[in-house]
Amino acid sequence: MTRPITFLSDYGYADEFAGVCRAVIARIAPDAKVIDITHGLPRHAVRQGAVLLANALPFTAPGVHLAVVDPGVGTERRPVAVRVGDEERLLVGPDNGVLALATERLGGGVEAVDLSASPHRLEPITSTFHGRDLFAPVAAQLALGSPLAEAGEPLDISTLTRLELPDPRVYPDRVVAHVVYVDGFGNATLNLDHEQLSSTFLRLGERVAVHAGTTQIKVPFGRTFADVGPGQGILYEDASRSLALAVNRESAAELLGLTPDDEVVLSPAS
Amino acid sequence: MTRPITFLSDYGYADEFAGVCRAVIARIAPDAKVIDITHGLPRHAVRQGAVLLANALPFTAPGVHLAVVDPGVGTERRPVAVRVGDEERLLVGPDNGVLALATERLGGGVEAVDLSASPHRLEPITSTFHGRDLFAPVAAQLALGSPLAEAGEPLDISTLTRLELPDPRVYPDRVVAHVVYVDGFGNATLNLDHEQLSSTFLRLGERVAVHAGTTQIKVPFGRTFADVGPGQGILYEDASRSLALAVNRESAAELLGLTPDDEVVLSPAS
Amino acid sequence: MTRPITFLSDYGYADEFAGVCRAVIARIAPDAKVIDITHGLPRHAVRQGAVLLANALPFTAPGVHLAVVDPGVGTERRPVAVRVGDEERLLVGPDNGVLALATERLGGGVEAVDLSASPHRLEPITSTFHGRDLFAPVAAQLALGSPLAEAGEPLDISTLTRLELPDPRVYPDRVVAHVVYVDGFGNATLNLDHEQLSSTFLRLGERVAVHAGTTQIKVPFGRTFADVGPGQGILYEDASRSLALAVNRESAAELLGLTPDDEVVLSPAS
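Keep in mind that what you see is a predicted model, and the values were worked out from it rather than measured.

Here we look at the side chain of A:S118
- Here A:S118 is to be found in the loop between β6 (109–114) and α4 (130–143).
- Other than its neighbours up to four places away in sequence, A:S118 contacts A:L134, A:V138 and A:A151.

If you want it as structure tokens, here you go:
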């Protein structure tokens, strides 16, 4: 039975790029179900893609997971396929970090191959569209059950690219966190998750002072956007169970000028 | 046999929201066909979502119809599933009006359940992403044939939220209508449908004066955009068989400053 | 066995147009696999749609290929279905040129029908949404195996609309080419393909002077964007094996003010 394929990229929706990759998959594996996670990532946003992929995959059925955010396409960065420890999932994409967080969250890499000379690639392979010419055909063959070892040359999993993300710093009177993702509603996810919260002063129902750049606002730590009035800010645990900032019906990222990696300082609103 | 699922939302295409909902459905009901109506609705546009859903569903196969435009997610607004009178269709979404016009057009609600404590929900359920944690799994279970009564607690269908839309006013020398939808081409649909037209002075081929705000233009009542030259306005019956305003190759909404609920006065262009 | 359908349009993602067409197809041919090439073409961009379709289809499985970019919907332009010489592919769409380049690339038209009075159309057919009312049902019936001859009235294939694109002019000391497509990354494809390159002075690794309007830049002829630093321009063979201009991590189209049909003059960067 053909395995399902999830597909994430920064190809956007204006062009045929994602569609042609799907067409290549359908030609090789007509019965493969392809689920688009999104193709609307900001261009070349490897880190945001890595965060989004790691958050999405636990909700998908095990299968082949294709992720193409690839500013270095055609250069020496390796194209790879990685088997992770959990549920026999296979990740396919460039080895530039976009697969790193999902690999880690799903049990770590247990086997990997370099796809540079994959027998599954389309010929003539182009230098600029490895999604179509390399990653899609490899994903399709893996979905059909072709062994990982036949997709490329074995590589040492300890050499796979990792992502270094900033760590939050927790003090008795403040928490220094960082923006890891800004969604299309302008909600900003911070690098502070459910488990870490208990070691801080942050408690549901309390008010918190939020410093970002030169801006400061005071917001409640609530459950959902609509716990505050339209235009009001709120701190909450988002759907990835990380702390996040939102403004009900408006954009927190715009109001506070937040972009990924920005520092945000939280303190009790005395 | 698994029933098809249609899916409408304001999740947009930048993020993984719609994709993750599809992944959740695929995990529960691998054979379910999911047809995306659109995820590009303006954020929180409950009324526009309701109009669009009601216009789209008569063209879809009967099945499960998921619609998530949910500014009040996580608050006391009820999540619901509704069986309508026509063709055994099941509508799933928040009870904030987004399902109201489709329910009405498809024979009215005949059975409904409150999904707040649905056994189908994912645990831990978040307060901000009921699409993923509640509505998608319920839709998937219903597609598999699970009875509606097992998806939640029965509720009185007379308590389902209705949408109050303005009524057009027809006079011998003018018609006061309202914008109900503006599409991506800038065409503006008015709340005056095929059946109501015959009681007005509006006749195909005649010229009509259109007042909107402080702007007035005179346009023919034609059949299609291309009946007038580029940049010229036209009044026509659109694909939902409602009266609409367009400008060939340009945007009527922009030219006339039209947004939903705006009043438009039509009179004979003497 | 139901044949796959590819679907390209300028319907965009804000509205239900593409989704409703897919729903109509699913109602008629529930087992048909529909692959969206893209719906994000610029509105009414018949020529860009034609280029994109011709580049995409060779990568898709043979089947039914639906393309709707239709500024003249409802007027005298003919709706058509065309069988081409290669692999029994069937193209469906308006006869305004959007099918022309793909038809040519896929072996030329060998049989065609005028769909104006197709028995497959939905009734009442509207004047503004032939995608839903005519093209989608015809594509679905053809996918099910219904004969082309039963979809409409036979027409003389020599009367199908052709696209006249400018030809590049090659001189010993310069090449005058034209922009045929600008993608969402701002990369601009020129009308000079792999085969034509050998008759020019353009050689991989050499530097080239690029004149566009009043702007001139000098760029290397490289293999991929990342062969130059961020913000640097490059001339390369793109994924359609045509010459193209890019700026690494930025937009060549914006930098040089390029839009389709613009003239670009290439000369050796002495």
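Let's pick the thread back up.
Let's talk about the relation of the copies chain C and chain A
- In the superposition of chain C on chain A (RMSD 0.0 Å, axial shift 0.0 Å), the rotation amounts to 120°. Taken together, the turn and the small shift mark the pair as related by a three-fold rotation axis. Closest approach to the rotation axis within chain C is made by the C-alpha atom of C:Y13, at a distance of 4.8 Å.
- In this assembly the copies use different faces: only 3% of the residues contributing to the interface of chain C also contribute to that of chain A.

A word on the relation of the copies chain B and chain A
- Under the fitted operation, chain B is carried onto chain A by 0.0 Å of movement along the axis and a turn of 120°, and the coordinates agree to an RMSD of 0.0 Å.
- Residue by residue, only 3% of the interface of chain B is reproduced at the interface of chain A, so the copies engage with different surfaces.

Let's talk about the interface of chain B and chain A
- At the junction of the two partners, chain B supplies 33 residues and chain A supplies 33 residues.
- Carbon and sulfur atoms make up 59% of the area that chain B and chain A hide from each other, which totals about 2500 Å².
- For chain B, the biggest contributors to the area lost against chain A are B:E16, B:R27 and B:T128; these three give 22% of the whole.
- In this structure, the connection of chain B to chain A is made through one salt bridge.
- Of the charged contacts in the structure, one is a salt bridge between B:R27 and A:E87, with a shortest N-O distance of 3.0 Å.
- Elements that contribute at least two residues to the side of chain B that touches chain A include exactly α1 (17–28) and α4 (130–143) of chain B.
- When residues of the side of chain B that touches chain A are assigned to their parent elements, the largest contribution, eight residues, is made by α1(B).

A short note on unusual backbone geometry
- For the bond running from A:E123 to A:P124, omega is -5°, close enough to zero to count as cis.
- Looking at where A:P124 falls in the secondary structure, it is placed in the loop between β6 and α4.
- Although it is not a glycine, C:E87 adopts a positive phi angle of roughly 55°.
- As for its placement among the helices and strands, C:E87 is situated in the loop between β4 (79–84) and β5 (90–94).
- Under the relative-accessibility criterion, C:E87 is labelled partly exposed at 41%.

Here we look at the packing of helix α1 (residues 17–28) of chain C against helix α4 (residues 130–143) of chain C
Residue and element names in this part refer to chain C.
- Two numbers describe how α1 lies on α4: the axes approach to 9 Å, and their chain directions differ by 40°. By the criterion of interaxial angle, the relationship of α1 to α4 is oblique. Crossing of α1 over α4 shows right-handed handedness. Along its contact with α1, which presents V20, C21, V24, I25 and I28, the element α4 presents G131, R132, A136, P137, A140 and Q141.
- Here the residues of the contact of α1 with α4 sort into eight nonpolar, two polar and one charged.

Examining the pairing of strand β1 (residues 5–9) of chain B
Residue and element names in this part refer to chain B.
- In terms of burial, β1 is largely enclosed, as five of its five residues are buried.
- Both faces of β1 are covered, namely the face carrying I5, F7 and S9 and the face carrying T6 and L8.
- Chirality of the crossover, the property in question, places the unit of β1, α1 and strand β2 (residues 34–38) among those that are right-handed.
- Taken together, the five bridges between β1 and strand β3 (residues 64–68) define a ladder with parallel strand orientation. Bridge pairing in β3 places T6 opposite H65.

A few points about the confidence of the model for chain A
- Considering every residue of chain A, the mean pLDDT works out to 95; 100% of them sit at 70 or more.
- The ipTM assigned to the predicted complex is 0.94, against a pTM of 0.95.

Some details on the interface of chain C and chain A
- Taken together, the contacts link 33 residues of chain C with 32 residues of chain A.
- The contact between chain C and chain A buries some 2500 Å² in all, and 59% of this surface belongs to carbon and sulfur atoms.
- Joining chain C to chain A, the criterion identifies one salt bridge.
- The tally of links between chain C and chain A comes to 15 residue pairs in polar contact (both at pLDDT 80 or more).

Let's talk about the packing of aromatic side chains
- Summed over the entire model, instances satisfying the criterion amount to 18 aromatic pairs over all chains.
- It is C:R43 that lies over the ring of B:F185; its NZ or CZ is 3.8 Å from the centre.
- For C:R174, the ring lying beneath its charged end belongs to C:Y171, and the centroid distance is 4.3 Å.

Considerations on the sheet that holds β2(B)
Residues and elements named next belong to chain B.
- Reading across the sheet, the seven strands line up as β2-β1-β3-β5-β4-β6-β7 and stay open at both edges, with mixed pairing between neighbours. Where the open sheet ends on each side, the last strands, each with one partner, are β2 and β7 (153–154).
- As defined by bridge partners, strand β4 (residues 79–84) adjoins strand β5 (residues 90–94) across five bridges and the pair is classed as antiparallel. By the bridge assignment for β5, R83 is matched with L90.
- Strands β1, β3, β4 and β5 of the sheet are contacted by α4, whose axis makes an angle of about 175° with β3.

Looking at the pattern of salt bridges
- A full pass over the atoms with the stated rule returns 39 salt bridges over all chains.
- Across the pair A:R78 and A:D95 runs a salt bridge whose closest N-O atoms are separated by 2.9 Å. Of the two residues, A:R78 is situated in the loop between β3 (64–68) and β4 (79–84) and A:D95 in the loop between β5 (90–94) and α3 (100–105); the sequence distance between them amounts to 17 residues.
- B:D36 serves as the salt-bridge partner of B:R22, at 2.0 Å between the closest nitrogen and oxygen. With a gap of 14 residues between them, B:R22 in helix α1 and B:D36 in strand β2 connect regions that are remote in the sequence.
- You can call B:D36 partly exposed: its relative accessible area is 22%.
- Beyond isolated ion pairs, a larger network of salt bridges with shared partners links A:R27, C:E87 and C:R89.

Some remarks on α4(C)
- The largest bend along α4(C) measures about 30° and falls at C:A136, with the proline C:P137 one to four residues further on.
- Looking at the residues trailing α4(C), positive phi occurs at C:G145, about 105°.

What about the side chain of B:T103?
- Topologically, B:T103 is positioned in helix α3 (residues 100–105).
- Not counting the four nearest positions on each side in its chain, B:T103 is found in contact with B:V82, B:V84, B:L91, B:G108 and B:G109.

Rules behind the numbers
Residues numbered from 1 in each chain as written. Chains lettered and ligands numbered in written order. Predicted model: local features only at pLDDT ≥ 70, side-chain atom pairs only at ≥ 80, totals over all residues. Heavy atoms only, no water. Helix = DSSP H or I, 4+ residues; strand = E, 2+ residues; numbered from the N terminus. Contact = heavy atoms within 4.5 Å. Least-squares fit on C-alpha atoms with pLDDT ≥ 70 in both. Buried area = accessible area lost by both parts, 1.4 Å probe. Salt bridge = Lys/Arg side-chain N within 4 Å of Asp/Glu carboxyl O. Buried < 20%, exposed > 50% of the residue type's maximum accessible area, 1.4 Å probe, protein only. Axes fitted to C-alpha atoms, helices over the stretch in contact; angles between N-to-C directions. Parallel < 35°, antiparallel > 145°, perpendicular 65-115°, else oblique. Left-handed = near helix turned anticlockwise from the far one by under 90°. Nonpolar A, V, L, I, M, F, W, Y, C, P; charged D, E, K, R; others polar. Right-handed = clockwise from strand over helix to strand, strands pointing away. Pairing = 2+ DSSP bridges. pLDDT = per-residue confidence, 0-100. Polar contact = N/O pair within 3.5 Å; in protein donor to acceptor, adjacent residues only side chain to side chain. Phe/Tyr/Trp six-rings, centres within 6.5 Å; stacked < 30°, edge-to-face > 60°. Lys NZ or Arg CZ within 6 Å of the ring centre and 35° of its normal. Bend = angle between axes of the 7 residues up to and from the residue.

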